[in-house]
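# Topology and contacts: notes
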Amino acid sequence: MTRLVDLRSDTVTQPTPAMREAMASAKVGDVGYDEDPSVNELEQRFAAMVAKPKAIFVPSGVMANQIAVRVLTRPGDVIIAGRDQHVVSFEMGASARNSAVQFALVDDRAGVLRTSDVTDIIDAEQDHQPHVAMVAIENTHMVSGGIPWELEDVRSLRRSLTGLALYLDGARLFNAVVATGTTAAEYCDSATMVMACLSKGLCAPVGSMLAGPEDLMAAALIERKRLGGTMRQAGFLAAAGLVALETMVERLGEDHARARAMAEMVAVAFPESGYDPTSCRTNIVAFEHPQARKVVADLAEKGVLAGTVAPRRVRLVTHAGVSDDDVTFVADVLKDFGVSSA
Ligand SMILES: Cc1ncc(COP(=O)(O)O)c(C=O)c1O
């Protein structure tokens, strides 16, 4: 086998030639002294895109989430979130360890949180249950298959949360933007704080952005320091991030089209999964299969790298490193795959 198509994640993307050039010539300074012009420009640019007063550059999406949790909660508080969300299930218990909080979990397999599920938990405070400090949502929602939130659903959830913080894990916010035609600013007007990753579909090598109001972001700067996330001449990375925000958003539509093509193939190859290809609206194909791990191993043998995100859930992710030709290759692999995996 000579060919490999890597669909494990959009985190495997490589920086583009324009990013490499921008990195080589970036103006840099010490972020700890607020003196890195490239980082400052990136932060201002992102803040403007999400229409928040202040944004900060952090090393990773997990750190952005963890800073937000530290800023928006106190030990013993409850965070309401979907049980499949990254901040709940894919951060190695970081919120418990870093912030001594607990989650109240609601079903989010459809990608969104039902407002009534959320308000029931908030209401339970009157029944001697712990204080809810924030609600966290994920847009797009990874485990569900990159499902984007509809703007009205975010706004309606916001309206039901009188005074409570709403945090938006927008690791793939720009996929949602491109898929729905909603602007980043519109999505974020309901969110107290928001994060977005530069290092996934947008192809930057490192980094995420966290944004919110001035007072919370002042606290976020302290938490970034506490967590060791105040990088020094990080302008080299920010320069790539600027190219990502300026040139890589619109092209996410290509990843979505390729994912949708694969979704159709998956539905045919694995009828036992009951997968509905129309649920694929961004760059993730995620489907149930009783032998998910075997499916992933068999695909790998044939040159297609996939992954699992739960014991019986397979995930394929498109990104800038996947071409139309790769999709044709995957189609050929999947054609006889259904038969051999039965
Ligand atoms: C929804 C979501 N949030 C947060 C993260 C964390 O990002 P990072 O890997 O940059 O820490 C990821 C990463 O895959 C993610 O999918």
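Here the structure is a predicted model, which is why all the values come from computation and not from measurement.

What follows is about the site of the ligand. Taken together, the neighbourhood of the ligand is formed by 13 residues, with Ser60, Gly61, Val62, His86 and Ala171 sitting nearest. The element best represented in the shell around the ligand is helix α3 (residues 61-72), accounting for 3 residues. By residue class, the composition of the shell around the ligand is 4 nonpolar, 7 polar and 2 charged.

It is worth spelling out helix α1 (residues 17-24) at this point. Along an α-helix, a turn takes 3.6 residues, which lines up residues three or four apart on a common side. Three or more residues of α1 are buried, namely Met19, Ala22 and Met23. Down the axis of α1, the smallest arc covering the buried residues is 100°, so these residues share one side. Exposed positions of α1 whose direction lies more than 90 degrees from the buried face are Pro17 and Ala24. In this structure, the buried residues of α1 make contact with α11 (235-247).

What follows covers the domain arrangement of the chain. For the chain, the domain assignment lists domain 1 (5-12 + 252-341) and domain 2 (17-247). Each side of the interface is counted separately: domain 1 has 18 residues, and domain 2 has 17 residues. Counting only elements with at least two residues in the side of domain 1 that touches domain 2, the list comes to α12 (252-269), β9 (284-288) and β11 (307-310). The leading source of residues in the side of domain 1 that touches domain 2 is α12, at 4 residues. Per-class residue counts for the side of domain 1 that touches domain 2 are 8 nonpolar, 7 polar and 3 charged.

Picture the strands of a sheet paired through backbone hydrogen bonds; they go either parallel or antiparallel. If you walk across this open sheet you meet the 3 strands as β9-β12-β11, and the pairing is antiparallel. Bordering the open sheet on either side are β9 and β11, each of which pairs with just one other strand. For this sheet the average axis-to-axis angle between neighbouring strands, irrespective of direction, equals 35°. Pairing analysis gives 3 bridges linking β11 to strand β12 (residues 313-317), with the strands arranged antiparallel. Its bridge partner being in β12, glycine 307 is matched across the sheet by arginine 315. Contacting β9 and β12, α12 runs over the sheet at an angle of about 20° to β9.

With that settled, the discussion passes to the nonpolar core. Ranked by size, the top nonpolar core spans 81 residues in total, and within it Ala68, Tyr167 and Leu210 carry the most contacts. Sorting elements by how many residues they give to this core places α11 first, with 9 residues. Those residues in contact with leucine 210 that sit more than four places away from it in its chain are Ala55, Ile56, Val58, Ala64, Ile67, Ala68, Met193, Met195 and Ala220. Counting residues in each nonpolar core, the second largest holds 29 residues, with Val266, Val285, Phe287 and Leu299 among its members.

This next bit is on the environment of alanine 244. Structurally, alanine 244 can be placed in helix α11. Using a count of 29 C-beta atoms within 10 Å as the deciding quantity, one classes alanine 244 as buried. Placed 115 residues apart in sequence, alanine 244 and glutamine 129 show a C-alpha to C-alpha distance of 44 Å.

Once that is clear, we can look at the sheet that holds strand β3 (residues 78-82). Within the open sheet, the 7 strands sit side by side as β2-β8-β7-β6-β5-β3-β4. Their pairing is mixed. Where the open sheet ends on each side, the last strands, each with one partner, are β2 (54-58) and β4 (102-106). Ignoring strand direction, the axes of neighbouring strands in this sheet form an average angle of 20°. As defined by bridge partners, β2 adjoins strand β8 (residues 208-212) across 5 bridges and the pair is classed as antiparallel.

In terms of burial, β3 is a largely internal element, 5 of the 5 residues being buried. Of the two faces of β3, the one lined by Val78, Ile80 and Gly82 and the one lined by Ile79 and Ala81 are each fully buried. Note: β3 against β4, 5 bridges, orientation parallel. Residue valine 78 lies in a different strand from β4, and its bridge partner there is glutamine 102. As defined by bridge partners, β3 adjoins strand β5 (residues 132-138) across 3 bridges and the pair is classed as parallel. Paired with isoleucine 79 across the strands is methionine 134, a residue of β5.

Here is what the cut-offs are and how they apply
- Residues numbered from 1 in each chain as written.
- Predicted model: local features only at pLDDT ≥ 70, side-chain atom pairs only at ≥ 80, totals over all residues.
- Near = placed C-beta within 6 Å.
- Helix = DSSP H or I, 4+ residues; strand = E, 2+ residues; numbered from the N terminus.
- Nonpolar A, V, L, I, M, F, W, Y, C, P; charged D, E, K, R; others polar.
- Buried ≥ 20, exposed ≤ 12 C-beta atoms within 10 Å, placed from the backbone.
- Arc of directions from axis to C-beta.
- Contact = placed C-beta atoms within 7 Å.
- Domains from an automatic or database assignment.
- Pairing = 2+ DSSP bridges.
- Axes fitted to C-alpha atoms, helices over the stretch in contact; angles between N-to-C directions.
- Core = buried A, V, L, I, M, F, W, Y, C linked by C-beta atoms within 7 Å.

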